[in-house]
Amino acid sequence: GDALLELLNDILDLSKIEAGKVSVENYPFSVDDLLTSVGTLWQTRANQAGLTLAIENTLGDLDCIHSDGTRLRQILHNLIGNAIKFTETGSVTIRASAAPTTDDRLTLRFEVTDTGIGLTQDQIDGLFKPFAQADGSTTRKYGGTGLGLTLSKQFAELLGGEMGVDS
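Residues numbered from 1 in each chain as written. Predicted model: local features only at pLDDT ≥ 70, side-chain atom pairs only at ≥ 80, totals over all residues. Heavy atoms only, no water.

Looking at the sheet that holds strand β5 (residues 107-114)
Pairing is mixed in the open sheet, where three strands are placed in the order β2-β4-β5. Looking at the sheet topology across the chains shown, the edges are occupied by β2 (52-57) and β5. Strand-to-strand twist across the sheet, computed as the mean angle between neighbouring axes with direction ignored, equals 10°. Note: strand β4 (residues 91-99) against β5, eight bridges, orientation antiparallel. Across the sheet, residue V92 finds its bridge partner in β5, namely D114. (Pairing = 2+ DSSP bridges. Helix = DSSP H or I, 4+ residues; strand = E, 2+ residues; numbered from the N terminus. Axes fitted to C-alpha atoms, helices over the stretch in contact; angles between N-to-C directions.)

Side note on the nonpolar core
Soluble, globular proteins show a tendency: their nonpolar side chains are buried together. Ranked by size, the top nonpolar core spans 19 residues in total, and within it L76, I80 and I84 carry the most contacts. Counting residues per element, the ones that place at least two in this core are α2 (31-48), α3 (69-85) and β4. Examining the composition of this core, we find that six residues originate from one element, α2, more than from any other. Ignoring anything within four residues of it in the chain, the contact list for I80 reads V38, W42, I94 and V112. In terms of nonpolar packing, the next biggest core, distinct from the first, is built from nine residues, I75, L127, F128 and L149 among them. (Core = buried A, V, L, I, M, F, W, Y, C linked by side-chain atoms within 4.5 Å. Buried < 20%, exposed > 50% of the residue type's maximum accessible area, 1.4 Å probe, protein only. Contact = heavy atoms within 4.5 Å.)

Regarding the environment of T40
With respect to the element layout, T40 can be found in helix α2. Looking at T40, the relative accessible area reads 55%, which means it is exposed. Distance in space between the C-alpha atoms of T40 and L53 is 9.5 Å, their sequence separation being 13 residues.

Concerning α3
Under the 1.5 Å per step criterion, the end-to-end length of α3 is 24 Å for 17 residues, consistent within 8% with the ideal 24 Å. Every buried residue belonging to α3 is among G69, R71, L72, I75, L76, H77, N78, I80, G81, A83 and I84, and all of these are buried. Sitting at the head of α3, D68 places a side-chain oxygen 3.1 Å from the backbone nitrogen of T70. (Expected span 1.5 Å × (residues − 1). Polar contact = N/O pair within 3.5 Å; in protein donor to acceptor, adjacent residues only side chain to side chain.)

Here we look at the confidence of the model for the chain
Of all residues in the chain, 81% attain a pLDDT of 70 or more, and the chain-wide mean is 84. The element-level mean pLDDT for the chain is lowest in helix α5 (residues 136-142), coming to 50, with β2 highest at 96. (pLDDT = per-residue confidence, 0-100.)

Looking at helix α6 (residues 148-158)
Those residues of α6 not exposed but buried are G148, L149, T150, L151, S152, F155 and A156. With its phi angle positive at about 90°, G160 sits one or two positions after the end of α6.

Concerning the pattern of salt bridges
Going through the model one piece at a time under the given rule, you end up with four salt bridges. Close ionic contact of E111 with R95 constitutes a salt bridge, the shortest N to O distance being 3.8 Å. Taken together, the residues span a long stretch of sequence, with E111 in strand β5 and R95 in strand β4 at a distance of 16 residues. For R95, a relative accessible area of 23% puts it in the partly exposed group. Between E111 and R109 there is a salt bridge whose closest N-O contact spans 3.3 Å. Among the residues examined, E111 registers a relative accessible area of 23% and is labelled partly exposed. A relative accessible area of 46% places R109 in the partly exposed class. Look at the salt bridges and you will find they share partners, linking E56, R95, R109 and E111 into a network. (Salt bridge = Lys/Arg side-chain N within 4 Å of Asp/Glu carboxyl O.)

See the structure below:
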């Protein structure tokens, strides 16, 4: 039931994005509180998988930002969920830092790194396409619909950011 609900919500989100019907909120929130709540939610799953889940927040006094915390939370959930899913041993780290800018705006950089299986360049090239999987066995072995990263990338762009991957 949960898997079907997640699939339905992802398809609805994708449809709304493609129809230009997704609105982005702009309200103040604490990045530290966001990272703590996201980390707390995923800690049990990481522990069950035998992984270390770490949070590194180097923002210091720059903690309160104006953006869409709900969309940012959704992006982080997708990234952390994938990192845990594709990491058999080791760790997953969530990192928040300030990126250098040329104007008076604050640009944040969120990174989710893991010690997982890695990707080939061909897999990276198709990573953000809807319903894409790294290979045919991915769905059978790991589950998922191939929508999480597509939605995350599009949400990041709606928030004025970008998303990429290094492997």
